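The lines below spell out each chain.
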Amino acid sequence: MEGTDVLAQQKQFNDAVKNWGHRAYRELQREIFRLRIGVSGDGSATMTWKDYKRFGMVDKLQFKFERYMVFVHKGVGRGWPISRVQANAAAWGAASKGKSRVPKPWFNPVIEKHLQDLADTAAKHKAEIAAKRLMIK
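Residues numbered from 1 in each chain as written. Predicted model: local features only at pLDDT ≥ 70, side-chain atom pairs only at ≥ 80, totals over all residues. Heavy atoms only, no water.

S.K.: What is the right way to read the pattern of salt bridges from this model?
M.R.: Pairing is possible between side chains of opposite charge, provided their charged atoms come close. On inspection of all chains with the given rule, the structure shows 6 salt bridges. Linking Asp117 and Arg23 is a salt bridge whose minimum nitrogen-to-oxygen distance equals 2.5 Å. In this pair, Asp117 sits in helix 5 (residues 108-134) while Arg23 sits in helix 1 (residues 2-34), placing the two residues 94 residues apart along the sequence. On the basis of relative accessible area, Arg23 is assigned to the partly exposed category, the value being 32%. Glu31 serves as the salt-bridge partner of Arg34, at 2.7 Å between the closest nitrogen and oxygen. Of this pair, Arg34 and Glu31 are both found in helix 1, 3 residues apart, which corresponds to roughly one turn of the helix. The class of Glu31 is buried, set by a relative accessible area of 12%. The network of salt bridges with common partners includes Glu27, Arg30 and Lys113. (Salt bridge = Lys/Arg side-chain N within 4 Å of Asp/Glu carboxyl O. Helix = DSSP H or I, 4+ residues; strand = E, 2+ residues; numbered from the N terminus. Buried < 20%, exposed > 50% of the residue type's maximum accessible area, 1.4 Å probe, protein only.)

S.K.: What should I look at first to understand the packing of aromatic side chains in this one?
M.R.: The description of two aromatic rings rests on the distance between their centres and on the angle between their planes. Throughout the structure, instances matching the rule amount to 4 aromatic pairs. The interplanar angle of 80° and the centroid separation of 5.0 Å between the aromatic rings of Phe65 and Trp106 together place this pair among those described as edge-to-face. Taken together, the residues span a long stretch of sequence, with Phe65 in the loop between strand 2 (57-64) and helix 3 (68-74) and Trp106 in the loop between helix 4 (89-95) and helix 5 at a distance of 41 residues. Ring geometry for Trp106 against Phe107: centres 5.5 Å apart, planes inclined by 75°, an arrangement best described as edge-to-face. Considered together, Trp106 and Phe107 belong to a single accessibility category, that of buried residues. The structure contains a cluster of three or more aromatic residues connected by ring pairs, namely Phe63, Phe65, Trp106 and Phe107. Seen from the ring of Tyr52, Lys60 lies directly overhead, with NZ or CZ sitting 4.7 Å from the centre. (Phe/Tyr/Trp six-rings, centres within 6.5 Å; stacked < 30°, edge-to-face > 60°. Lys NZ or Arg CZ within 6 Å of the ring centre and 35° of its normal.)

S.K.: Just checking my understanding: could you explain the nonpolar core for this structure?
M.R.: Soluble globular proteins tend to pack their nonpolar side chains together in the buried interior. Membership of the largest hydrophobic core comes to 20 residues, with the highest contact counts inside it found for Leu28, Phe63, Trp106 and Ile111. Every element with two or more residues in this core is listed here: helix 1, strand 2, helix 3 and helix 5. Ranked by residues supplied to this core, first place goes to helix 1 with 7 residues. Non-local contacts of Trp106, meaning those with residues more than four positions away in its chain, are made with Leu28, Glu31, Ile32, Leu35, Ile37, Met47, Phe65, Met69 and His73. (Core = buried A, V, L, I, M, F, W, Y, C linked by side-chain atoms within 4.5 Å. Contact = heavy atoms within 4.5 Å.)

If you want it as structure tokens, here you go:
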């Protein structure tokens, strides 16, 4: 009887993590559209996410996207090393006569915003499952 309770809690945890992944994915899509990223390719269309399970529980979420999306996030590219990228886009644009390249942080802010929710979910579910498995039956 208690075994099914642990399995039900595992399913609840898996569902909660999958829901978090889907919410984060949708928010990342919105951020890509908001920042108008994808001139050289469609970054939002190629982005995917997947969850991986170990022993029946989700233990990893993976977001995949085109490599150039990392460069867009950092504001770097061919001829524009990280040392040349400035935080103040207006000052840099004026100094380089309109040829500015600014970072468009689309990934980290979204994940950081949702990370506490994932941490709370994991702490809640993992602690309950671990406590039930430690009991002497």
